[in-house]
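Residues per chain are reported as follows:
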Amino acid sequence: QVQLVESGGGLVQAGGSLRLSCAASGRTFSDYAMGWFRQAPGKEREAVAAINWKGGNTYYADSVKGRFTISRDNAKNTVYLQLNSLKPEDTAIYYCAAVRVYYDYVIPRSASEYDYWGQGTQVTVSS
């Protein structure tokens, strides 16, 4: 089992920034690809960003490319999501997720591919 705990959400004005953190425990963190997803009220959960186990390869949804940055620190068992230039449409609950992978190039992009989920952290962007 892998336990994931997100933090760092909050209320911010449009154009502002936040840094989300996701602390993992329970297994060897560096064996897992990590992803960030979000879900707004009345909408499906969508992928925001993902990162491979070593941190050298990343994926971003088109809607956040150039504004959000995913990173990880395997020594601290933590994955981060830096959110810059926030827009009201970024308002959602943000979840981190983990999946055991066996190849460095693997970066799962869909929610169904992930096995472990955090409880989520609310991000609200006011206009």
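Residues numbered from 1 in each chain as written. Predicted model: local features only at pLDDT ≥ 70, side-chain atom pairs only at ≥ 80, totals over all residues. Heavy atoms only, no water.

## Description of the state of the cysteines
Move 1: Scanning the model with the defined rule gives one disulfide in all.
Move 2: At a sulfur-sulfur separation of 1.9 Å, the disulfide partner of Cys22 is Cys96. Across the disulfide from Cys22 to Cys96, rotation about the S-S bond amounts to roughly 40°, and the bridge is consequently right-handed. With Cys22 in strand β3 (residues 18-25) and Cys96 in strand β9 (residues 92-100), this pair connects stretches of sequence that are 74 residues apart.
Move 3: Of the residues examined, Cys96 reaches a relative accessible area of 0% and is grouped as buried. (Disulfide = S-S within 2.5 Å. Helix = DSSP H or I, 4+ residues; strand = E, 2+ residues; numbered from the N terminus. Buried < 20%, exposed > 50% of the residue type's maximum accessible area, 1.4 Å probe, protein only.)

## Quick word on the pattern of salt bridges
Move 1: A complete count under the given rule lists five salt bridges for this structure.
Move 2: Note that Arg100 and Asp31 form a salt bridge whose closest N and O atoms lie 3.8 Å from each other. Of this pair, Arg100 sits in strand β9 while Asp31 sits in the loop between β3 and β4 (32-39); the two residues are 69 residues apart in sequence, bridging distant segments of the chain.
Move 3: A salt bridge links Arg38 to Glu46; its shortest N-O distance comes to 2.6 Å.
Move 4: Taking the relative accessible area as the measure of exposure, Arg38 reaches 6% and is therefore buried.
Move 5: Judged by its relative accessible area of 35%, Glu46 is partly exposed.
Move 6: Salt bridges sharing common partners tie together Arg38, Glu46, Arg67 and Asp90. (Salt bridge = Lys/Arg side-chain N within 4 Å of Asp/Glu carboxyl O.)

## Quick word on the packing of aromatic side chains
The description of an aromatic ring pair rests on the distance of the ring centres and on the angle between the ring planes.
Move 1: The full count for this structure, using the stated rule, is five aromatic pairs.
Move 2: Between Tyr103 and Tyr105 the ring centres are 5.6 Å apart and the planes differ by 25°, which places this aromatic pair in the stacked class.
Move 3: Geometrically, the ring pair formed by Tyr114 and Trp117 is edge-to-face, given 6.3 Å between the ring centres and 65° between the ring planes.
Move 4: Feature note: the residues Phe37, Tyr114 and Trp117 constitute an aromatic cluster, connected by ring pairs.
Move 5: Above the plane of the ring of Tyr80 lies Arg19, whose end atom (NZ or CZ) is 4.0 Å from the centre.
Move 6: Across the ring face of Phe29, the terminal group of Arg72 is positioned such that the distance to the ring centre comes to 4.4 Å. (Phe/Tyr/Trp six-rings, centres within 6.5 Å; stacked < 30°, edge-to-face > 60°. Lys NZ or Arg CZ within 6 Å of the ring centre and 35° of its normal.)

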